[in-house]
Amino acid sequence: MSSNRWIEYLGGIITVRVWGPYPEKIINLALSRGIYLSDVERDGEYLSFSIRRNAIKPLENLGEEFGYEIEILKKQGLPFYSRVLRERWMLIAGGFIFVLALYILSSFVWYLEIRGTVEVKPTQVAESVARHGLKRWAFKGGLDKTRIEEGILQDIPQLFYAQVDIKGVKAVVKVVEKIFPEEEMSGPCHVVAGRGGIIEEMMVLDGNPLVKIGDTVGAGNILISGAVTTESGESEGIVPVTNLVRARGMVKARVWYEGYGEAPLMKEIITLTGKRTEGITIEYPGGKWWLKSPDQRVTSFWVEKKTYEVGSPWGKVALTREVRSETLKSTEEVSSAKALETATNQAMENLRKLTGQAERVINTQVRKISSPSEQLIRVKVEAEVLEDIGKIQPINIEQEWPQTY
Amino acid sequence: MPRNPGDKIEKLMGDMLDLPKDLVLELPRLIIIGNKELYLQNHKGIIDYSHELIRINLVRGYLEVQGESLQIRTIIPDEITIAGKISGVKFIE
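Residues numbered from 1 in each chain as written. Chains lettered and ligands numbered in written order. Predicted model: local features only at pLDDT ≥ 70, side-chain atom pairs only at ≥ 80, totals over all residues.

### What about the overall build of chain B?
- Within chain B, the regular secondary structure consists of 2 helices and 6 strands.
- By the burial criterion, 19% of the 93 residues in chain B qualify as buried. (Helix = DSSP H or I, 4+ residues; strand = E, 2+ residues; numbered from the N terminus. Buried ≥ 20, exposed ≤ 12 C-beta atoms within 10 Å, placed from the backbone.)

This is the structure:
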């Protein structure tokens, strides 16, 4: 139906049947009176057409004047439904109440989602936006997004950016946190050993070295002290002065790492039998309903799931289709050479993760540690590497020099 | 062709000023969409109407539309729309 027809439908359309001498004449007479005709049909001596509701009186007058019989066949359009609508006023009222309820309910925030938090707790952001009016069941009309965004940034200084999006009944608060540069220790510090080893190279830029090349040190031992004592031997009676500095330098040492790996001598193999069974479930808040149950005889299987989720005011509703492919487990014997190779590779891989920071690997040694009675091969790989073990540690003045504090 | 002196003057003026003839001489303006729809302006009423033949009165002569299942879709004082399977259109003086 064209837009013009819709407009006519609103005004009302009457379909009539006309018969009399020379029916074409009534068309021309109607046109001369400015009556708009549509869907003109000729059926023998009858002529039927549609006219606007307000044209029925002039047409009837024409019929009387020129001797044509006019019969109303059909009445269409909104004006003719008014009686029906008056009789069913509850239906109209119900529809109106429904639209009104929908409008009122959609004027509130039903859900609040906070995205982008890493260090800052989402509850902290939620509390902040609540202070500025955005919370569950808040009226959307009274919310000023710009004011809320500015308020969040003022409340939580760790945030760099905040954006409030209200779509429908859901409010989404997106935040981006600030990334602060790592603070460099500027106060007095020692250089201590991060791990134990034998010192190979040493270069002191600032501070007092407490170890020398060839010394064995343990983790936590002070390598370069931040306490520098200036001794005055020229005149007696002058008390040595201790200055606290930020010790700087490089201490390279030989350190040892261990990597462990194992491989079974019996390998479990899972093969697909080719039998498949399908299950379809509907998950709703508080329950799950199987639309189609999978074959329960298939007990050992590999499952492939596809889920379609839809949000609702009561929670998520998910339709899941799962296909279970039956599997069969069997065991296979692995040769000890192959198991040893697998275990060694695993141990080397673990070792590489530990020695990733090392400057140079000096020596590597592989040791088989499993006993013949064991059903697996266990391997330990030891690596001797050269690395900088120095680690900055602030001086606790209160503990180390209580008299100067 | 113009029949009276008034028409001749109208035609002459129309030619001189390059005016559309459907406006100056009330000649029919016809649009046919495939063989399915015919749209006509400047008609002067219906002479004959059946599913196979519609004769439409014009200022001079009449127009014959032949076809099958012909139907007058809309008709107002100046315009008419005919739908159906049109097989021929003929101007008759």
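### Some details on the nonpolar core
- Grouped together as the largest cluster of nonpolar side chains are 31 residues, with contacts concentrated most on I27(A) and L37(A).
- In terms of residue count, the dominant contributor to this core is strand β5 (residues 62-75) of chain B (6 residues).
- Beyond its immediate stretch of four places on either side in the chain, L37(A) contacts I27(A), A30(A), F49(A), I51(A) and I75(B).
- V255(A), Y257(A), L351(A) and V381(A) belong to the second-largest nonpolar core, a separate cluster that totals 25 residues. (Core = buried A, V, L, I, M, F, W, Y, C linked by C-beta atoms within 7 Å. Contact = placed C-beta atoms within 7 Å.)

### Structural notes on the packing of helix α2 (residues 24-32) of chain A against helix α3 (residues 56-66) of chain A
Residue and element names in this part refer to chain A.
- For the pair α2 and α3, the least separation of the axes is 11 Å and the interaxial angle reads 130°. For the element pair α2 / α3, the angle class is oblique. Classified by chirality, the crossing of α3 by α2 is right-handed. Here I26, L29 and A30 of α2 come into contact with α3, specifically with L59, L62 and F66.
- Partitioned by chemical class, the residues of the contact of α2 with α3 number 6 nonpolar, no polar and no charged. (Axes fitted to C-alpha atoms, helices over the stretch in contact; angles between N-to-C directions. Parallel < 35°, antiparallel > 145°, perpendicular 65-115°, else oblique. Left-handed = near helix turned anticlockwise from the far one by under 90°. Nonpolar A, V, L, I, M, F, W, Y, C, P; charged D, E, K, R; others polar.)

### Focus: the pairing of strand β7 (residues 170-177) of chain A
Residue and element names in this part refer to chain A.
- Summarising the sheet, strand β5 (residues 111-115) and β7 pair through 5 bridges and their orientation is parallel. Paired with L112 across the two strands is A171, which belongs to β7.
- Count of turn residues in the strand β6 (residues 159-167)/β7 antiparallel hairpin: 2 residues, of which G168 carries a positive phi of about 65°. (Pairing = 2+ DSSP bridges.)

### Things to note about helix α7 (residues 145-155) of chain A
Residue and element names in this part refer to chain A.
- Among the residues of α7, I148, E149 and I152 are the ones counted as buried. End-on, the buried residues of α7 take up no more than an arc of 100°, which puts them together on one face. Opposite the buried face of α7, at more than 90 degrees from it, the exposed residues are T146 and Q154. (Arc of directions from axis to C-beta.)

### A closer look at the environment of F301(A)
Residue and element names in this part refer to chain A.
- Its place among the elements puts F301 in strand β18 (residues 301-312).
- Classification of F301 as partly exposed rests on a count of 19 C-beta atoms within 10 Å.
- Residues F301 and T277, spaced 24 residues apart in sequence, show a C-alpha to C-alpha distance of 9.6 Å.
- If we ignore the near neighbours within four places in the chain, the residues touching F301 are R324, S325, E326 and T327.

### Brief notes about the interface of chain B and chain A
- Listed per partner, the contact involves 14 residues of chain B and 12 residues of chain A.
- Those elements giving two or more residues to the side of chain B that touches chain A turn out to be β3 (46-49) and β5 of chain B.
- Its residues assigned to classes, the side of chain B that touches chain A comprises 7 nonpolar, 5 polar and 2 charged.

### Details of the sheet that holds strand β19 (residues 315-333) of chain A
All names here are of chain A.
- Strand order in this open sheet of 4 strands is β17-β16-β19-β18, and the pairing throughout is antiparallel. Every other strand in the sheet has two partners, leaving β17 (287-292) and β18 as the edge strands with one partner each. Taken over all neighbouring pairs, the strand axes of this sheet differ in orientation by 35° on average, direction set aside.

### Focus on helix α6 (residues 122-131) of chain A
Residues and elements named next belong to chain A.
- Within α6, burial applies to V125, S128 and V129. With its buried residues spanning 95° around the axis, α6 presents them on a single face.
- Elements that come into contact with the buried residues of α6 comprise β5, α7 and β7.
- Just past α6, the residue G133 takes up positive phi, approximately 105°.

### A short note on the sheet that holds β7(A)
Residue and element names in this part refer to chain A.
- Here we have 3 strands laid out as an open sheet, ordered β5-β7-β6, and mixed in their pairing. With partners counted over all chains shown, the strands left at the sheet margins are β5 and β6, one partner each. Pairs of neighbouring strands in the sheet enclose a mean axial angle of 15°, with direction left out of account.
- Where β6 and β7 come together, 8 bridges link them in antiparallel fashion. Bridging across to β7, D165 finds its partner in V172.
- Packing of α6 onto the sheet brings it into contact with β5 and β7, and relative to β5 it is tilted by some 125°.
- Taken strand by strand, α7 contacts β6 and β7, and its axis lies near 150° from that of β6.

### With respect to the confidence of the model for chain A
- Summing up the model confidence of chain A, the mean pLDDT is 86 and the portion of residues at 70 or higher is 94%.
- Looking across chain A, the model is least confident in helix α9 (residues 397-400) of chain A, with a mean pLDDT of 70, and most confident in strand β1 (residues 13-19) of chain A, with 93. (pLDDT = per-residue confidence, 0-100.)

### Some words on the packing of α6(A) against α7(A)
Residues and elements named next belong to chain A.
- Interaxial distance between α6 and α7 falls to 9 Å at its minimum, and their mutual angle equals 130°. Between α6 and α7, the interaxial angle falls into the category oblique. Considering how the two elements wind past one another, α6 and α7 form a crossing that is right-handed. On α7, the residues that touch V125, S128, V129 and R131 of α6 are I148, G151, I152 and D155.
- In the contact of α6 with α7, the residues fall into 4 nonpolar, 2 polar and 2 charged.

### A look at the environment of G63(A)
All names here are of chain A.
- Examined against the element boundaries, G63 turns out to sit in helix α3.
- Classification of G63 by C-beta neighbours within 10 Å gives buried; the count is 20.
- Taking the C-alpha atoms as reference points, G63 and V18, separated by 45 residues in sequence, lie 8.4 Å from one another.
- Contact partners of G63, with chain neighbours within four places excluded, come to V18, Y68, E69 and I70.

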